[in-house]
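Residue-level listing of the chains:
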Amino acid sequence: HMGITLAETVLSFVLATGIGMLIAVFLWWFATARKILEPHVVILNALPKIALGPVIIIWVGAGTAAIIVMALLISLIITIINTLQGFLSVDEGKLRLFKTMKANKFQTLTKLVLPASIPNVIAVLKVNVGLCWVGTIMGEYLVSKAGLGYLIIYGGTIFDLDIVMTATVVLCILAAAMYYLVVGAEKPVGVDAVALKHRPQVQIVHPQPVQLRQIGVAGGVAALLQTPGQQLRAPLDLLGRGDIEIG
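If you're wondering where the values come from, they're calculated on a predicted model, not measured in any experiment.

The rules behind these values
- Residues numbered from 1 in each chain as written.
- Predicted model: local features only at pLDDT ≥ 70, side-chain atom pairs only at ≥ 80, totals over all residues.
- Heavy atoms only, no water.
- Axes fitted to C-alpha atoms, helices over the stretch in contact; angles between N-to-C directions.
- Helix = DSSP H or I, 4+ residues; strand = E, 2+ residues; numbered from the N terminus.
- Parallel < 35°, antiparallel > 145°, perpendicular 65-115°, else oblique.
- Left-handed = near helix turned anticlockwise from the far one by under 90°.
- Contact = heavy atoms within 4.5 Å.
- Nonpolar A, V, L, I, M, F, W, Y, C, P; charged D, E, K, R; others polar.
- Polar contact = N/O pair within 3.5 Å; in protein donor to acceptor, adjacent residues only side chain to side chain.
- Phe/Tyr/Trp six-rings, centres within 6.5 Å; stacked < 30°, edge-to-face > 60°.
- Buried < 20%, exposed > 50% of the residue type's maximum accessible area, 1.4 Å probe, protein only.

Enquirer: Help me out: how do you make sense of the packing of helix α3 (residues 53–60) against helix α4 (residues 64–88) in this one?
Expert: The relative placement of two packed helices is expressed as an angle between their axes plus a distance between the axes. Taken N-terminus to C-terminus, the directions of α3 and α4 make an angle of 130 degrees; their axes are 9 Å apart at the nearest point. Classified by the angle between their axes, α3 and α4 sit oblique to one another. The crossing of α3 and α4 is right-handed. The residues of α4 that touch α3, namely those facing G53, I56 and V60, are A65, A66, V69, M70 and L73. Within the contact of α3 with α4, the residues separate by chemical class into seven nonpolar, one polar and no charged.

Enquirer: Would you mind going over the side chain of T17 with me for this structure?
Expert: Relative to the helices and strands, T17 resides in helix α1 (residues 2–29). Looking at T17, its side chain comes within polar contact range of the main-chain oxygen of F13, at 2.8 Å. A polar atom in the side chain of T17 sits 3.3 Å from the side chain of N128. Once residues lying within four places of it in the same chain are set aside, the contact partners of T17 are T79, L125 and N128.

Enquirer: Just to check I follow, could you spell out the packing of aromatic side chains for this structure?
Expert: Between two aromatic rings, the relevant description is the distance of the centres plus the angle of the planes. Under the criterion given, the structure shown has three aromatic pairs. A ring pair is formed by F26 and F30, whose centres lie 5.1 Å apart and whose planes are at 50 degrees; its orientation type is tilted. Looking at F26, the relative accessible area reads 39%, which means it is partly exposed. Residue F30 is classed as partly exposed on the basis of its relative accessible area, which comes to 42%.

Below, the structure is given as structure tokens:
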């Protein structure tokens, strides 16, 4: 029972994360589609998913597929909304710089938007862990013949609280283990380091008025402030503070 529920949850977690991020990228890429579809996505999130149980059974049958679909309905929309919000919250000044440097949409996405959204994506993964477990258990309530959700329903039917509590405790342990796996994966990724690495930079060589021209640098498009003298690297945030003057 434990293995069946765990497999269903992991599968729904992977599908919800992957499909949700692809849809979020699509909505970010096409502004018109975003304006049209975003309100509908929010409305869909308000639907009572458990009420759609009979419809899901008719559509995909009374089996594992129905459980996966139920978990996707619960976690997918939250993934889309939160990931898209992370994409749209990227610093506007950096987006304007990429536009000025003639970066195309794909370069902006891969060099700026995705690296800057890594902390948000990690947060979405943490939320998805709990949502996928909830969705899987709800799906097992409806159609399963095995799994922890089935044990909880079965134990409640025969008034055997030992079965109910044991299944609940095992469920909590598995959910906690899956959550800490996501937290553990966050450290090797190095969220702060990655965000800093992909932070657009400029070359500052002299406090006197300088000329701005486009160059390509590892990790993204940047600007070179040209003038005789020694070159120094400084964050893009210095632009606009009055520390340098762009001619």
